[in-house]
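Read off the chains here:
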Amino acid sequence: MKRALITGITGQDGSYLADYLLKNDYEVHGVVRRTSSLERSRLAHLFKNPDIYNKRLFLHYADLEDITALRRIFLSVQADELYHLAGQSHVGLSFPMAEMTCDLTAIGTLRLLEIMRDMPGKPRLFHPSSSELFGQPKSSPQNEDTPYLPTSPYGCAKAFATQIVKVYRDCYGLFACNGIMYNHESPRRGENFVSRKICRAAAAIKLGLQAKLVLGNLDAERDWGYAPDYVRGMWLSLQQQKADDYLFATGETHSVRELVELAFKAVDLEWESHVEVDTALFRPSEPLRLVGDASKAKRELGWTPSCSFQELINLITRAEFDELQQLGSEGDNSRRNRT
Ligand code: F7E
């Protein structure tokens, strides 16, 4: 049985990756912040399963800044594969939290590489890089050779982390891969990312639970895919003969406005009467249009995305609608039980 260690296991990607690896007969270890509660987390279904939790899924508590605790965990787990998914991943928040973002995302990755250098049995490392590397790219679509021109502290941190992974791979022979990930979404996405914020609001407005949706730049365009596809790409990257970098994207670009239209259409609402734009939510600078060319991943890993943009937005909006309705009826039942 192969053993994997995931930092950031409680996030969207970490939880899908844990599901994927457990289905593929791995023993999975996750690093969890001391303050995390697993009760209603994205791991709750695994945590509550007595055949999985503490049998094939093990959680270890440490903060990413606590390098001695991390080193101990790495040495005791002796994983075959290490997926370093933890970090501050909100691009907008990286402006007011620039130092913290660079410390966790850039220097945090370097610290992890340093631990790996000293380990006797070295695991294979996957590092999730980002389309934010490219910032305002001079060419479109972008591929693994497109120059880095980041426009946010987050993009700068990812540029450092991506390059340092390559340097350690070349200088010290580590099996370390970068996956340049374009936006990838799901019902497990954090609520402060635009896809989830919009789909949840459309469902809540339809159910009469929210009055309006306030957004930033509706003209921004992104290449949005389905998160479980990207997690499969992470795993495929580590199954190759030689460590390399791969870009994961759908090759299609859509605007935030199109995302809004589809989400509201999924619940039979006209979006114009419910959405407001607030320039306070615009970022100081950002890539306006990003689109990726994943032909290397397709050619060498056999990776293709499985879900269209419309299917993705329908899927998230439907999940939000069902969840809010369920929460509403649980609330009604508990109110009824109390009277
Ligand atoms: O924004 C615009 C916003 O926060 C998408 C992360 O996973 O993907 C993600 O970063 C777009 C931007 O994702 C709101 O300005 C408008 O143009 O969902 P997002 P992101 O910044 O693209 C990359 C690849 C990563 O690596 C990151 O870790 O939507 N937008 N109005 C808004 N965005 C947010 N969050 N909230 C708004 O109200």
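Keep in mind it's a predicted model, so treat the numbers as computed, not measured.

Asker: Hey, could you go over the packing of helix H4 (residues 98-118) against helix H5 (residues 153-172) for me, with residue numbers and the actual values?
Answerer: Contact geometry for H4 and H5: axes closest at 8 Å, N-to-C directions at 10°. As summarised for this structure, H4 and H5 are arranged roughly parallel, according to the angle between their axes. For the pair H4 and H5, contact is made by Ala98, Thr101, Cys102, Thr105, Ala106, Ile107, Thr109, Leu110, Leu113, Glu114 and Arg117 and by Pro153, Tyr154, Ala157, Lys158, Phe160, Ala161, Ile164, Val165, Tyr168 and Tyr172, respectively. Of the residues belonging to the contact of H4 with H5, the class tally is 15 nonpolar, three polar and three charged.

Asker: Account for the site of the ligand, naming residues and giving values.
Answerer: Every one of the 23 residues lining the ligand counts as a neighbour, but Ser89, Ser130, Lys197, Arg283 and Glu286 are closest to it. In the environment of the ligand, an oxygen atom lies 3.0 Å from a nitrogen or oxygen atom belonging to the side chain of Arg222. In the environment of the ligand, an oxygen atom lies 2.6 Å from a nitrogen or oxygen atom belonging to the side chain of Glu286. Relative to its unbound accessible surface of 700 Å², the ligand loses 95% to contact with the protein.

Asker: How would you sum up the packing of helix H3 (residues 67-77) against H4? Please name residues and give values.
Answerer: Any two packed helices are characterised by how steeply their axes cross, that is the angle between the axes, and by the distance between the axes. Their axes nearest at 11 Å, the elements H3 and H4 cross at an angle of 40°. With respect to H4, the axis of H3 lies oblique. Considering the relative orientation of H3 and H4, their crossing is right-handed. On H4, the residues that touch Ile67, Leu70, Arg71 and Phe74 of H3 are Arg111, Leu112, Ile115 and Asp118. The residue makeup of the contact of H3 with H4, split by class, is five nonpolar, no polar and three charged.

Asker: Residue-level account of the nonpolar core, with values.
Answerer: One broad rule of soluble globular proteins: the nonpolar side chains tend to lie buried together. Grouped together as the largest cluster of nonpolar side chains are 45 residues, with contacts concentrated most on Ile6, Ile9, Leu21, Val28 and Tyr83. Breaking this core down by element, the ones donating at least two residues are strand S1 (3-7), helix H1 (12-23), strand S2 (27-32), strand S3 (57-61), strand S6 (176-181), helix H7 (227-237), strand S11 (246-248) and helix H9 (295-301). By residue number, the principal contributor to this core is H7, which donates six residues. When residues no more than four places from it in sequence are discounted, the contact partners of Leu21 are Ala4, Ile6, Tyr26, Val28, Arg56, Tyr83 and Trp235.

Asker: Please give an account of the sheet that holds S6 that cites residues and values.
Answerer: Reading across the sheet, the seven strands line up as S3-S2-S1-S4-S5-S6-S11 and stay open at both edges, with parallel pairing between neighbours. Both outer strands of the open sheet, S3 and S11, are each paired with one neighbouring strand and no more. The sheet shows a mean angle of 20° between the axes of neighbouring strands, taken without regard to direction. Across three bridges, the pairing between S6 and S11 is parallel. Following the sheet pairing, Gly179 is matched in S11 by Tyr246. Against the sheet, H3 touches S1, S2, S3 and strand S4 (81-84), its axis set at about 165° to S1. Each of S1, S4 and strand S5 (124-130) touches H4; the most contacted strand, S4, lies at about 165° to it.

Asker: Go over the environment of Arg42, please, and point to the residues and values.
Answerer: Its place among the elements puts Arg42 in the loop between S2 and helix H2 (44-47). Through-space distance from the C-alpha of Arg42 to that of Asp13 is 9.9 Å; in sequence the pair is 29 residues apart. The contact partners of Arg42, leaving out residues within four places of it in the chain, are Thr10, Gly11, Gln12, Ser15, Arg188, Arg189 and Gly190. There is a polar contact of 3.0 Å between the side chain of Arg42 and the backbone oxygen of Thr10.

Asker: Describe the domain arrangement of the protein, with residues and values.
Answerer: Each domain of the protein was delimited in the assignment, giving domain 1 (3-186 + 224-248) and domain 2 (194-220 + 253-285 + 308-338). Put simply, the middle of domain 1 and the middle of domain 2, counted by C-alpha atoms, are 28 Å apart. With 11 residues of domain 1 in contact, the opposing surface of domain 2 contributes 15 residues. Summed over both sides, the interface of domain 1 with domain 2 buries roughly 1,000 Å², with 68% coming from carbon and sulfur. Connecting domain 1 to domain 2 are zero salt bridges.

Asker: Tell me about the pairing of S4, and please be specific about residues and values.
Answerer: Of the two faces of S4, the one holding Glu81 and Tyr83 and the one holding Leu82 and His84 are both buried throughout. Taken together, the four bridges between S1 and S4 define a ladder with parallel strand orientation. Within S4, the position partnered with Ile6 by the bridge is Tyr83. Looking at chain direction, S4 and S5 are connected through three bridges and run parallel. Of the residues in S5, the one forming a bridge with Glu81 is Arg124. Crossover S4 to S5 through H4 is right-handed.

About the cut-offs
Residues numbered from 1 in each chain as written. Predicted model: local features only at pLDDT ≥ 70, side-chain atom pairs only at ≥ 80, totals over all residues. Heavy atoms only, no water. Axes fitted to C-alpha atoms, helices over the stretch in contact; angles between N-to-C directions. Helix = DSSP H or I, 4+ residues; strand = E, 2+ residues; numbered from the N terminus. Parallel < 35°, antiparallel > 145°, perpendicular 65-115°, else oblique. Contact = heavy atoms within 4.5 Å. Nonpolar A, V, L, I, M, F, W, Y, C, P; charged D, E, K, R; others polar. Near = heavy atom within 4 Å. Polar contact = N/O pair within 3.5 Å; in protein donor to acceptor, adjacent residues only side chain to side chain. Areas by Shrake-Rupley, 256 points an atom, 1.4 Å probe, with all protein chains shown as cover. Left-handed = near helix turned anticlockwise from the far one by under 90°. Core = buried A, V, L, I, M, F, W, Y, C linked by side-chain atoms within 4.5 Å. Buried < 20%, exposed > 50% of the residue type's maximum accessible area, 1.4 Å probe, protein only. Pairing = 2+ DSSP bridges. Domains from an automatic or database assignment. Buried area = accessible area lost by both parts, 1.4 Å probe. Salt bridge = Lys/Arg side-chain N within 4 Å of Asp/Glu carboxyl O. Right-handed = clockwise from strand over helix to strand, strands pointing away.

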